[in-house]
Amino acid sequence: MNMRKWKPERFVWTIFLVVAACTASHEQTADTPLIWQPVKLTNGSPVLFRLAVKGDAESVSGEWLGHGFLFFSGRHHGSWYALAGIPLQTPAGVYTLQISEQFANGRTVKVEKQIKTSTAVYKKIPIRVARQFTEPSKTQLAAISIDKGVKEKAFSAVSENRLWSGPFTAPVSAPVSDLFGTERVINGEVKSRHQGLDYAAPAGSAVRAVNRGIVVLARPMFFEGNFIVIDHGQGLLSLYLHLSDFKVKEGDQVSAGQVIALSGGTGRATGAHLHLAIRWQGAYLDPAKLLGLSIPSN
């Protein structure tokens with residue numbers, strides 16, 4: 001019988017490899033209780049965090065980039081979710097997400113995660129608008145000042161509770177005509193950055209709420225035209241601009257997909273379209289990325 005000579009050192013080395021492989025796998029699992037969407041994070045992007053919590057936590061909170069937020073429990077045991085965002089002015093870098101898990105027995109677990117963000121590339125486009133919107137008169141400046149106060153009041157009166165549920169959906173059935181983050185060169189001068197998503201919706205198109213919430217503003221404004229703001233809770237707002245008609249009023253509770261207005265070209269607009277903006281804790285985020293998140297219903 002021809003048998004290969006058994007070598008003890010080979011057996012020991014094999015055991016070492018198996019143990020090392022198991023250890024590496026365990027470390028990887030232990031080091032990845034947190035995942036997020038989208039995978040690549042850039043300035044101006046919303047973020048959906050998913051955290052795996054061991055045990056029956058009563059509450060989970062997070063703090064990142066100077067913003068605090070709450071996680072909510074998903075349908076799967078141990079999965080907690082939170083919606084957050086990266087302000088446009090955030091430079092590329094690595095930022096610490098601090099998480100606090102509270103349990104019924106009074107135990108608190110602190111978790112820290114280093115998260116890398118990069119800088120998004122946004123394009124420039126020239127547009128021309130009526131002179132009254134770039135060089136307003138004294139009367140118009142007074143109206144703009146009043147509008148500013150009304151908006152600040154609406155933006156500050158947001159619900160602490162999460163009102164939205166499940167994925168966010170497009171407000172109109174129309175192609176996108178301008179993206180978030182575009183630098184607007186108005187009448188030959190750089191004036192602003194586009195902080196929303198434009199849809200080429202013909203005048204009179206039905207405009208629907210992107211998710212559940214409460215209407216905190218529904219009135220005409222100088223720049224925005226007929227303007228609706230929906231509070232989705234926890235600092236998250238959706239804004240609908242240049243409308244031709246209102247179908248809801250301030251204080252109304254709306255469901256996801258409910259018709260809230262008709263599109264138009266009122267205010268500072270080059271033509272009929274819908275401008276959708278998403279505001280989170282004072283920062284404007286990319287609506288297209290929010291609409292692309294796979295958010296569980298609960």
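The rules behind each value
Residues numbered from 1 in each chain as written. Predicted model: local features only at pLDDT ≥ 70, side-chain atom pairs only at ≥ 80, totals over all residues. Heavy atoms only, no water. Salt bridge = Lys/Arg side-chain N within 4 Å of Asp/Glu carboxyl O. Helix = DSSP H or I, 4+ residues; strand = E, 2+ residues; numbered from the N terminus. Buried < 20%, exposed > 50% of the residue type's maximum accessible area, 1.4 Å probe, protein only. Pairing = 2+ DSSP bridges. Core = buried A, V, L, I, M, F, W, Y, C linked by side-chain atoms within 4.5 Å. Contact = heavy atoms within 4.5 Å. Phe/Tyr/Trp six-rings, centres within 6.5 Å; stacked < 30°, edge-to-face > 60°. Lys NZ or Arg CZ within 6 Å of the ring centre and 35° of its normal. Axes fitted to C-alpha atoms, helices over the stretch in contact; angles between N-to-C directions.

Chemist: What am I meant to see in the pattern of salt bridges here?
Modeler: Think of it this way: side chains of opposite charge can pair up when their charged atoms draw near. For the structure shown, the criterion picks out 4 salt bridges. Between Glu 224 and Lys 151 there is a salt bridge, and its shortest N-O distance comes to 2.5 Å. Remark: Lys 151 occurs in helix H3 (residues 138–156) and Glu 224 occurs in the loop between strand E15 (213–221) and strand E16 (225–233); sequence separation between them is 73 residues. This pair shows no difference in class: Glu 224 is buried, exactly as Lys 151 is.

Chemist: Mind showing me how you'd approach the pairing of strand E3 (residues 57–64) here?
Modeler: Side chains on a regular strand alternate between the two faces of the sheet. Where E3 lies against strand E7 (residues 93–103), 6 bridges are found, and the strand directions are antiparallel. Looking at the pairing, Ser 61 lines up with Ser 100 of E7. Note: E3 against strand E4 (residues 67–70), 4 bridges, orientation antiparallel. Each bridged residue has a counterpart across the sheet, and for Gly 62 the counterpart in E4 is Phe 69. Between the end of E3 and the start of E4, which pair antiparallel, lie 2 residues, with Leu 65 showing a positive phi angle near 55 degrees.

Chemist: Would you mind showing me how to read the nonpolar core here?
Modeler: Buried together is how nonpolar side chains tend to be arranged in soluble globular proteins. The biggest cluster of nonpolar side chains holds 52 residues, and the ones touching the most others in it are Phe 49, Trp 64, Phe 69, Phe 71, Ile 228, Tyr 240 and Ile 260. The biggest single contributor to this core is strand E6 (residues 79–85), with 5 residues. Residues contacting Phe 71, with those up to four places away along its chain left out, are Phe 49, Leu 51, Val 60, Ser 61, Gly 62, Trp 80, Tyr 81, Ala 82 and Ile 99. Formed by 13 residues, the second largest nonpolar core is a distinct cluster that contains Leu 217, Met 221, Phe 227 and Ala 277.

Chemist: Explain the packing of aromatic side chains here, please?
Modeler: Two measures describe an aromatic ring pair: the distance that separates the ring centres and the angle between the ring planes. Inspection of every chain in the model, using the stated rule, returns 10 aromatic pairs. Look at Phe 49 and Phe 69: their rings are 6.1 Å apart centre to centre, the planes differ by 10 degrees, and that puts the pair in the stacked class. Of this pair, Phe 49 sits in strand E2 (residues 46–52) while Phe 69 sits in strand E4, placing them 20 residues apart in sequence. Phe 69 matches Phe 49 in its accessibility class, with the two residues each being buried. An angle of 45 degrees between the planes, with centres 5.5 Å apart, marks the rings of Trp 164 and Phe 168 as tilted. In terms of burial, Trp 164 and Phe 168 fall into one category: buried. One aromatic cluster in this structure is built from Trp 36, Phe 49, Trp 64, Phe 69, Phe 71 and Trp 280. A cation sits over an aromatic face here: Arg 107 above Phe 103, 4.2 Å from the ring centre.

Chemist: Is there a simple way to think about the sheet that holds E7 in this case?
Modeler: Sheet strands pair by backbone hydrogen bonding; their relative direction is either parallel or antiparallel. Reading across the sheet, the 4 strands line up as E4-E3-E7-E8 and stay open at both edges, with antiparallel pairing between neighbours. Bordering the open sheet on either side are E4 and strand E8 (108–117), each of which pairs with just one other strand. For this sheet the average axis-to-axis angle between neighbouring strands, irrespective of direction, equals 20 degrees.

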